[in-house]
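# Residue-level structural notes
In case you want the letters, here they are:
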Amino acid sequence: MSFDAPTIDYAGLSPVIALTVGLVVIVLAAVFDSVRRFGPALALLTYAVTAGCLIWQWNANLDLVSGSLRIDGLAVTLSLLAVIAAAVAVLLAIGDPSETQAGRSDWLALLTGSLLGMVILAQATSMLTFFVGLELLSIPLYALCGTNLRRRESLESGLKYLIVGSVGSATLLYGLAMIYGASGATGFQAISDGLQAGDGMLSDSLTLVGVGMVAVGLAFKVSIAPFHQWTPDVYQGAPTPVTAFMAVATKAAAFAVFIRFFLVALGPLADQWDVMLAALAALSIVVGNVGALAQTSLKRMLGYSGVAQAGYMLAGIVTATQAGVDALVFYLAAYVAMNVAAFAVVVIRERQNGFSDDISTLRGLGREKPLLAWPLTIAMLALAGLPPTAGFIGKLYLIEALVDDDWTWLAVMIAIGTMISLGYYLRVVATLWMSPAGQAEAGAEIDTASLPPQIAGAQADPFEDSRADRRWYLVAPALIATAAALFFGVIPQPLVDFAQHAGDALSVWIS
Amino acid sequence: MDIEWYLVLSALLFATGFLGVMIRRNPVVILLCLELMLSAGALALLAFSRMLGNQDAQVFVLIVLVVAACEVVVGLGLVVAMYRRRLPLDVDEVKELKG
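Residues numbered from 1 in each chain as written. Chains lettered and ligands numbered in written order. Predicted model: local features only at pLDDT ≥ 70, side-chain atom pairs only at ≥ 80, totals over all residues. Heavy atoms only, no water.

Let us now look at the pattern of salt bridges. All names here are of chain A. Overall, the coordinates contain ten salt bridges over all chains when judged by the stated rule. Among the ionic pairs, Asp72 bridges to Arg260, the shortest N-O distance being 2.9 Å. Here the residue Asp72 occupies a position in the loop between strand S2 (69-71) and helix H4 (73-93), and Arg260 occupies one in helix H12 (residues 240-265), the gap between them amounting to 188 residues. With respect to burial, Asp72 and Arg260 carry one shared label: buried. Within the structure, one salt-bridge network assembled from shared partners comprises Asp63, Arg70, Asp72 and Arg260. (Salt bridge = Lys/Arg side-chain N within 4 Å of Asp/Glu carboxyl O. Helix = DSSP H or I, 4+ residues; strand = E, 2+ residues; numbered from the N terminus. Buried < 20%, exposed > 50% of the residue type's maximum accessible area, 1.4 Å probe, protein only.)

Next up, the structure:
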C-alpha cells in the first residue's frame, strides 16, 4: 500500500487562499485596539493581493480540487469585477454609519466573506461548490444589509433579503436535487455527460422541473423579474455602500455561475431552456424599466434599473453562443463602472443631506458642484446606453450577438427597454442641470421633513458630513468609474479583449 | 420502498415550507418554514443518492445542513435586533419598505 498525497495546485487556488487569509487577519485585527483603525487598509491590501493573484492566473485553464473548482478566463474576469466592487465598497463605507455601528472590522469581515463566496462561485464547477459559494455570498450580505442598526429600514431590509434570498436558495437546492436525480452526477461536466447518456433524460419531466427551479433560484439572486420584488426595497433599505456592492458584485458572481451551469452542465438542454430564459429576460426588461419610471428615491430607481439591466444581461445567456457570453461579460464590466459612479455620488449626497436619497436632493447640483454632477450625469447616460459610453457599446454588442443567433425579437425588446429607460435616467440628468440653484434650498427642506423616523435624540446626525464632496475616498471611485465608463465607450477594444478572454474559456462547450 | 414515496414526501415538505413562508407573518415561523424547504431539497438528494448508489449527494446534504444552520443564525440575529428596537415582529407590519 502506498499513499499518494493529493496534488494541490496552490497557484490556481491562490485567489481563494489570499482572500481567506485576509479574512482571518481582518477578524483578528478587531481584537487589537491599535490595529483596528487600519481595517480598511487591511481589506484593501487583501483585495489588491487577490486581484494580483487573479491577474497572475490570467491565462490559467485548469480544474482544481478534483474538479469542484475551475480557474479559467470566465472565473478570473468576473472575480476581478467582484474584487473591484468590494474595494469600492470599502472606500465608500469609510465614515458610514453602518460601518461604525456594526464595528468596522466586523463589517469588513462580512464584506470579505461575501467576496470570498463570489470568487468561489465564479470558479464553481460542481453543485457542491455552486451551493456553498452562493450561500457564502448571500449570508454575509443579509447581515450587511442590517448593519445600519439606527435605521429601521436597514434591519427590515436585512430580514426581507434573508427571507427572499433563502426561498431562492431552497428552490435552487431542490432544482439541483432534481438534476442530480436525472443525471446521477454533481460535477457540471458529468451532469452534461449524464444527461446525454441517459435514455430520454433530456426531455424527462424531472430534468425540466430541475432546470426550471435552478433558473428561478438564480433569478432571485440576480433579480430577474418576476422574482425581483425584493430588489427595490432592499436596495433602498440597505446602507448605500452595501447596496453598491450588492448591485454590482452579486450580479457578476451570480452571472458567472449562471453562464457556467447553463452552458456547461445544461448545455445539451439548450433548446429547452433558451425560450424560458428569453421570456424571463423580456419580462425583466419591461418590468424593470416601467417600475423605475415612478420612483422618487434614487436608490429604488437604481434597483429597478438593475432589474432591467439584469434582463439585458440574461439575453446574453439565451443565445448560448460565445458572442453572447462575451457581450454579457462586457456589459457586466460596463455595468460595474456605471453603477459605481452613480452610487458613489449617492453616498456623497446622502452624507450631505441627512441620508435622504430623494431625487430632489440633486436639484441645482450641476451649478453648485459640477464635480459631483458630471459623474452622475455620465453614469445615467451610460446606463441609458447613449454614446460615447461603455453602456452604448455593451448594448450594441448584446444586440449584435442576439441578432446573429436569430433572437431578433429579444434584441428589439432591448431597444424598446432602452427607450423607456430614457424617461427616468434623463429625469435625473434634468434635475441635476436644469433646476435653478435657488430651488436647491427648498428641495433640501422638504427632504428633512420626509426623513425616516430616527432614534430620539439623534437630532444632530454625527454621520452627516458637509465636506463629503471633498473626501478623496468618496470622490476618487466616482471619478475613476466615470472615466472608465467614458474611456471604454470611446476605445472599447481593451474591454472587448477582457470579455473575450471570459468567452474563450467556454469555447469547448459552446460555438 | 420505492423512491417515489420519498420524492412525494420531499415535494410535500417543500410545498408546506413555501406555503408557510407566503402566509405566516411571524418571522420566526417563516425561518422554520425556510428550514423545511431546505430539508425538502436535502431529502430529495438523499433519496436520489440511495437510488443511484453514489455518495456525492450525501456529502452535499451534510453541507446543506450546515448552511441551513448559518442562515437561521443570521435570521434570528436580525429578529433579535428588531425586537430590541421594539419593531413589530410581523412581516405585514414591515411597512417602511413597500414592494
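A cluster of nonpolar side chains, contributed by Ile8(A), Tyr10(A), Ile17(A), Val21(A) and Val25(A), occupies part of the molecular surface with about 440 Å² of accessible area. Considering the arrangement of structural elements, one finds Val21(A) in helix H1 (residues 10-29). (Patch = residues over 30% accessible without salt bridge, like charges linked within 9 Å, V, L, I, M, F, W, Y side chains within 5 Å. Areas by Shrake-Rupley, 256 points an atom, 1.4 Å probe, with all protein chains shown as cover.)

What follows covers the nonpolar core. Residue and element names in this part refer to chain A. Grouped together as the largest cluster of nonpolar side chains are 219 residues, with contacts concentrated most on Phe261, Phe262 and Trp273. Among the elements that line this core, the one with the most residues is helix H15 (residues 322-352), at 21 residues. Aside from chain neighbours lying at most four places away, what touches Phe262 is Val211, Val214, Ala215, Leu218, Val257, Gly267, Trp273, Leu277 and Ile317. (Core = buried A, V, L, I, M, F, W, Y, C linked by side-chain atoms within 4.5 Å. Contact = heavy atoms within 4.5 Å.)

This part is about the side chain of Ser126(A). Turning to its location among the elements, Ser126(A) is positioned in the loop between helix H6 (104-123) and helix H7 (127-145). Since its relative accessible area comes to 8%, Ser126(A) is described here as buried.

The next point concerns the environment of Leu266(A). Residues and elements named next belong to chain A. Tracing the backbone shows Leu266 in the loop between H12 and helix H13 (270-293). Spatially, the C-alpha atoms of Leu266 and Leu195 are 8.2 Å apart, while their sequence positions differ by 71 residues. Here Leu266 is in contact with Ile179, Leu195, Val211, Phe261 and Trp273, once residues within four sequence places are set aside.

What follows deals with the interface of chain B and chain A. The partner chain A presents 45 residues to the 48 residues of chain B that form the contact. Together chain B and chain A conceal approximately 3,800 Å² of surface at their shared face, both sides included; 78% is due to carbon and sulfur atoms. Where chain B touches chain A, the interface holds zero salt bridges. Where chain B touches chain A, the interface holds seven residue pairs in polar contact (both at pLDDT 80 or more). Looking at the side of chain B that touches chain A, its residues break down into 35 nonpolar, six polar and seven charged. (Buried area = accessible area lost by both parts, 1.4 Å probe. Polar contact = N/O pair within 3.5 Å; in protein donor to acceptor, adjacent residues only side chain to side chain. Nonpolar A, V, L, I, M, F, W, Y, C, P; charged D, E, K, R; others polar.)

Residues and elements named next belong to chain A. Among the residues of helix H9 (residues 188-197), those classed as buried are Phe188, Ile191, Ser192, Gly194 and Leu195. Buried residues in H9, looked at end-on, bunch into an arc of 165°, giving them a common side. Set apart from the buried face of H9 by more than 90 degrees, the exposed residues are Gln196 and Ala197. Elements that come into contact with the buried residues of H9 comprise H7, helix H8 (152-183), helix H10 (205-222) and H12. (Arc of directions from axis to C-beta.)

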